[in-house]
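Read off the chains here:
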Amino acid sequence: MSTELVLKALKGRMPWSVAQKALHLCGLPRGQGWQKTISKLCEETSLYPDEFKKLADYHKQHILFGEKNAHLMKVGTAVREQILSQMRTIEIPNSVVQSSYPFALSEEDMNEAPVGHTLVAHERLKQGEALVYAALRTLVIKEEVLATDFDDVGREILTQYAEVYGTKLVRTFGFDVLWVPYEGEHVDFLVDCPRGMNLVATLNAMESFKEVVKRDLSSIEWSKSENLFPLIKGMYENDDEGIVVELAFGTSTASLKHEKMRRGSISLRDELYHVGGKGALKTPIEPYKISIEWSNQLSSQVYSKLELNLHSNSYEIGTVKPYLKDAVIRGCFVASDYRFVRNRILSYLN
């Protein structure tokens, strides 16, 4: 497994803000951004053999738990054991996608890839087991345009700017995961949800993924995904629950408000304008969208910044029983990160 292959695979799915922490935790040096880091580390591969093995493991964990839209399904302990038992009988079919795993296919090989979800791996961790499926996706990505990629005329134009960014459409493979812990009553459907992926496409991918899993594990009686809508208000009203960085809500004056604030340790709950406006109302606000951040300590110097997004819409707050099943979780790069956010969700469901 080449160093360059691992680094480019990470670049394709891990935000740089997350990757810096992964590299730090491995004891690897970092450059300014992905491109310079890849160039630097490819030249120094022989200096860090153990560190790169650790980084390859983080890549695998990010496939399982990084940048996901999650549906949690309560099946009970007996059904969970049935799922594990049936998972262990499934054979991984040979395919061009499976032979490439844990890396995405090259642009040329993508033309030979099967349509829809393809089972590529059965992963076993200390806390549970996972079936990993791959499916072709299209993303809109934003990346820095480097002057070194152009001729003299192009470089002269670009050097007039401190930074230049461009957007482009890219084809890649999403890795979608059925995660079955060894403990508890829930199993998780996790669909890749990188920034730049269309939300409707993410929701459609989740539904098609669940259908494929139900087909492959046909003897299982599946439940409905948990309703996460009550968590929006429950988490907002708990002052000890992370830092609120985004909030949308309805008011008794029939207006809709949408607030965002990402400033370190300041929570929207305590922001003066928000507190003052809420205090002027005669009735409580009705939140329907929230984003919450937590820090998860991974070492004495490395903290993950984890974000849970529970985003519904104003229509739902007017229904008899508002329903939300999608939890978009960002910032994870190891299993313990995902476990942290999952446990926060389960503490309200239980």
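Scroll up for the structure.
Bear in mind the structure is a predicted one, so any value in this text is a computation, not a measurement.

Moving on: the nonpolar core. Val-132, Leu-308, Leu-310, Tyr-338 and Ile-345 are the most contacted members of the largest nonpolar core, which has 51 residues in total. Every residue in contact with Leu-308, bar those within four places of it in the chain, is listed here: Met-235, Ile-290, Ser-291, Ile-292, Trp-294, Ala-327, Val-328, Ile-329, Val-341 and Ile-345. Counting 24 residues, the second-largest nonpolar core is a separate cluster that includes Val-6, Val-18, Ala-56 and Phe-103.

For the rest of this paragraph, the subject is the packing of aromatic side chains. One pass over the structure, following the stated rule, counts 10 aromatic pairs. On the numbers, 5.6 Å between centres and 75° between planes, the contact of Tyr-101 with Phe-175 is edge-to-face. Of this pair, Tyr-101 sits in the loop between helix 6 (96-100) and helix 7 (107-110) while Phe-175 sits in strand 4 (residues 165-181); the two residues are 74 residues apart in sequence, bridging distant segments of the chain. According to the relative accessible area criterion, Phe-175 is buried, its value standing at 4%. Three or more aromatic residues link up through ring pairs in this structure, and these residues are Tyr-133, Phe-189, Phe-209 and Trp-222. Between Lys-210 and the ring centre of Phe-189, over which it is positioned, the NZ or CZ distance is 5.8 Å. The positively charged end of Lys-224 is found above the aromatic ring belonging to Tyr-323, 4.4 Å away from the centroid.

At a minimum axis distance of 10 Å, the contact between helix 2 (residues 16-26) and helix 3 (residues 33-43) shows a crossing angle of 30°. One way to sum up the angle between helix 2 and helix 3 is to call them roughly parallel. For helix 2 against helix 3, the interelement crossing comes out left-handed. Together, Trp-16, Ala-19 and Leu-23 of helix 2 and Gly-33, Trp-34, Thr-37 and Leu-41 of helix 3 make up the contact between the two elements.

Counted under the stated rule, the structure contains 14 salt bridges. Salt-bridge contacts for Glu-81 lead to Arg-80; the nearest nitrogen and oxygen are separated by 2.8 Å. Looking at Arg-80, the relative accessible area reads 5%, which means it is buried. Measuring nitrogen to oxygen at the nearest pair gives 2.5 Å for the salt bridge that ties Asp-188 to Arg-342. With a gap of 154 residues between them, Asp-188 in strand 5 (residues 186-192) and Arg-342 in helix 12 (residues 335-349) connect regions that are remote in the sequence. We classify Asp-188 as buried; its relative accessible area is 0%. Assessed through its relative accessible area of 9%, Arg-342 is described here as buried. Salt bridges sharing common partners tie together Arg-13, Lys-68 and Asp-192.

So, about unusual backbone geometry. Cis rather than trans, the peptide bond between Tyr-101 and Pro-102 has omega equal to 10°. Looking at where Pro-102 falls in the secondary structure, it is placed in the loop between helix 6 and helix 7. Within the chain, Glu-67 stands out as a residue other than glycine whose phi angle is a positive 55°. When its relative accessible area of 3% is taken as the criterion, Glu-67 is described as buried.

Topologically, Ser-295 is positioned in strand 8 (residues 286-297). Given a relative accessible area of 52%, Ser-295 falls into the exposed group. Separated by 45 residues in sequence, Ser-295 and Phe-340 have C-alpha atoms that sit 9.6 Å apart. Beyond its immediate sequence surroundings of up to four residues, Ser-295 is in contact with Tyr-303, Ser-304 and Phe-340.

So, about the pairing of strand 1 (residues 68-74). Summarising burial for strand 1: 6 of the 7 residues are buried, a large majority. The pairing of strand 1 with strand 5 spans 7 bridges and is classified as antiparallel. When the sheet's bridge partners are listed, His-71 is paired in strand 5 with Phe-189. In terms of strand pairing, strand 1 meets strand 10 (residues 327-330) through 3 bridges, oriented antiparallel. Along strand 10, the bridge assignment pairs Lys-68 with Ile-329.

Cut-offs used in this document
Residues numbered from 1 in each chain as written. Predicted model: local features only at pLDDT ≥ 70, side-chain atom pairs only at ≥ 80, totals over all residues. Heavy atoms only, no water. Core = buried A, V, L, I, M, F, W, Y, C linked by side-chain atoms within 4.5 Å. Buried < 20%, exposed > 50% of the residue type's maximum accessible area, 1.4 Å probe, protein only. Contact = heavy atoms within 4.5 Å. Phe/Tyr/Trp six-rings, centres within 6.5 Å; stacked < 30°, edge-to-face > 60°. Helix = DSSP H or I, 4+ residues; strand = E, 2+ residues; numbered from the N terminus. Lys NZ or Arg CZ within 6 Å of the ring centre and 35° of its normal. Axes fitted to C-alpha atoms, helices over the stretch in contact; angles between N-to-C directions. Parallel < 35°, antiparallel > 145°, perpendicular 65-115°, else oblique. Left-handed = near helix turned anticlockwise from the far one by under 90°. Salt bridge = Lys/Arg side-chain N within 4 Å of Asp/Glu carboxyl O. Pairing = 2+ DSSP bridges.

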